[in-house]
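# Structural features, examined
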Amino acid sequence: MNKLLFVLFCSCLTFLYNEEVSAQMKNLTNMAKSSDEISITGYMNYPPIGFAQEYFAPKNDKPYYSFRSVFEDIMQELKENSNLKMTYRYAPNEKDDKFIASINAGEIDIFLGAYYDTKKFQRVELIYPSILNNPVTLITMPETSAQIKNLAQLKDMKGAVCNQDEFSDYVKKQMKEYNLVYVDTPYQLFERLYTGEVDFVFATQYFGIIEASKLGIRDYLSFSKQIIWNMPLFIGISQFSPNRKFLRQKLSSYSERPENKAKLEQKLHDMIQQVELQNRGVVPPAYVKQENQDSVTSSLDVLPQEDKILAE
């Protein structure tokens, strides 16, 4: 009997020892995350949320690229405060799908700019709270803006959307109620609008402003004052990332501080303003507007007006 009690006692000690060792290992693992390499990705061609920016070095004909994002300062601060080794995964001419597949598979740790309840981010944990929104706006020619008083009118009109733009699944579902055509490039998007093939454009606000500025037509368009849909943007962590717990703690703590939201909004403003300044003086494309079968007008012969869409 005494021998049996001794065996049971030793077994309990062994169990407790293993539990303690396991807990210590978990703590050490969490502490060790600060020396791990973190991989980051995002959109390849969706400024300012994510894009590969082209640079030209002196005495070098070939360009080189750097990944840019409105979230880049957050990643830099995370790196500095955690001694992390960070690697951006991107390719200028690749589609986003490749990198989104990698984040869902756990091959990449962080995605910058994920949407809530959206299928392609189904294995991505979102960091709350969101500290940036990506609103969808309505863009028209100035002469059309005063005619539109509410969204119901748009259902009797024809609109366009660019495939390069990014929307949540919820917004995609809502847009099915409208008569929309989808085009591949911003050039084609605004061409359809200017030539009168469509009456309006749905675009996320920052993407719309930046792409219109690049084409030199920002001041010739009317952007709605009213937000059509508002989509929170999140920093996402792969559910299979070995650094998931550590990153969640660090990034959630960052997102909860109001001053960081203000810094991000200022970063967004600065990036958009930089694009607008860089593209001042750009000659607008020679879009040709068909007035009737016998006459055409030259490109962009309308004067800039104040945004009036849905103002009432």
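Scroll up to find the structure.
My aim in this report is to walk through the structure given alongside it, one point at a time. (Residues numbered from 1 in each chain as written. Predicted model: local features only at pLDDT ≥ 70, side-chain atom pairs only at ≥ 80, totals over all residues. Heavy atoms only, no water.)

## Thoughts on helix 9 (residues 244-255)
Here helix 9 is twelve residues long and its end C-alpha atoms lie 16 Å apart, about the 16 Å a rise of 1.5 Å per residue gives. Where helix 9 is concerned, the buried positions are F246, L247, L251, S252, Y254 and S255. (Helix = DSSP H or I, 4+ residues; strand = E, 2+ residues; numbered from the N terminus. Expected span 1.5 Å × (residues − 1). Buried < 20%, exposed > 50% of the residue type's maximum accessible area, 1.4 Å probe, protein only.)

## Focus: the nonpolar core
Judged by nonpolar contacts, the single largest core of 83 residues is most densely connected at F71, F190, F202 and L251. The element best represented in this core is strand 13 (residues 229-238), accounting for six residues. Setting aside residues up to four positions removed in sequence, L251 forms contacts with I74, M75, L78, I110, I127, I235 and I237. (Core = buried A, V, L, I, M, F, W, Y, C linked by side-chain atoms within 4.5 Å. Contact = heavy atoms within 4.5 Å.)

## Comments concerning the environment of L138
On the secondary structure map, L138 appears in strand 8 (residues 132-140). With a relative accessible area of 0%, L138 lands in the buried category. Sequence-wise, L138 and I227 are 89 residues apart; in three dimensions their C-alpha atoms are separated by 7.9 Å.

## Examining helix 10 (residues 258-278)
Along its 21 residues, helix 10 runs 31 Å from first to last C-alpha, staying within 8% of the 30 Å computed at 1.5 Å per residue. Three or more residues of helix 10 are buried, namely N260, L264, K267, L268, M271, I272 and V275. Taken down its axis, helix 10 places every buried residue within 125° of arc, on the same side. Where helix 10 is buried, its residues contact strand 3 (50-56), strand 4 (63-68), helix 2 (72-82), strand 8, helix 8 (205-214) and helix 9. (Arc of directions from axis to C-beta.)

## Details of unusual backbone geometry
Omega for the peptide link from P47 to P48 comes to 0°, which places this bond in the cis form. In this structure, P129 follows Y128 across a cis peptide bond, with omega equal to -5°. Along the chain, the position of P129 falls in the loop between strand 7 (124-126) and strand 8. Positive phi values are uncommon outside glycine, yet D117 reaches one of about 50°.

## A closer look at the pattern of salt bridges
As enumerated under the stated definition, the model contains 13 salt bridges in all. A salt bridge links E72 to K267; its shortest N-O distance comes to 2.8 Å. Of this pair, E72 sits in helix 2 while K267 sits in helix 10, and the two are 195 residues apart along the sequence. Grouping residues by exposure puts E72 and K267 together as buried. With a closest N to O distance of 3.5 Å, K263 and E77 form a salt bridge. Here K263 is found in helix 10, whereas its partner E77 is found in helix 2, with 186 residues between them in sequence. Residue K263 is classed as partly exposed on the basis of its relative accessible area of 43%. Overall, E77 belongs to the partly exposed group, its relative accessible area being 22%. The network of salt bridges with common partners includes R68, E72, D73 and K267. (Salt bridge = Lys/Arg side-chain N within 4 Å of Asp/Glu carboxyl O.)

## Some details on the side chain of N279
The topology assignment puts N279 in the loop between helix 10 and strand 14 (289-290). By relative accessible area, which is 16% here, N279 ends up buried.

## Things to note about the side chain of S168
Tracing the chain through its elements places S168 in the loop between strand 9 (158-162) and helix 6 (169-175). In this structure S168 comes out as buried when scored by relative accessible area, which is 8%. Ignoring anything within four residues of it in the chain, the contact list for S168 reads Y115, Y116, T118 and M231.

## Notes on the packing of aromatic side chains
Applying the stated criterion to the full structure yields 14 aromatic pairs. On the basis of an interplanar angle of 80° and a centroid distance of 6.2 Å, the ring pair of Y178 and W229 is categorised as edge-to-face. Residue Y178 is found in the loop between helix 6 and strand 10 (179-183), and its partner W229 is found in strand 13; the two are separated by 51 residues along the sequence. Their ring planes at 65° and their centres at 5.1 Å tell us that F200 and F202 sit as a pair that is edge-to-face. Neither residue differs from the other here; F200 and F202 are each classed as buried. By the ring-pair criterion, three or more aromatic residues cluster together here, those being Y43, Y46, F111, F121 and F207. (Phe/Tyr/Trp six-rings, centres within 6.5 Å; stacked < 30°, edge-to-face > 60°.)

Everything listed is a geometric property; what it means functionally is a separate question.
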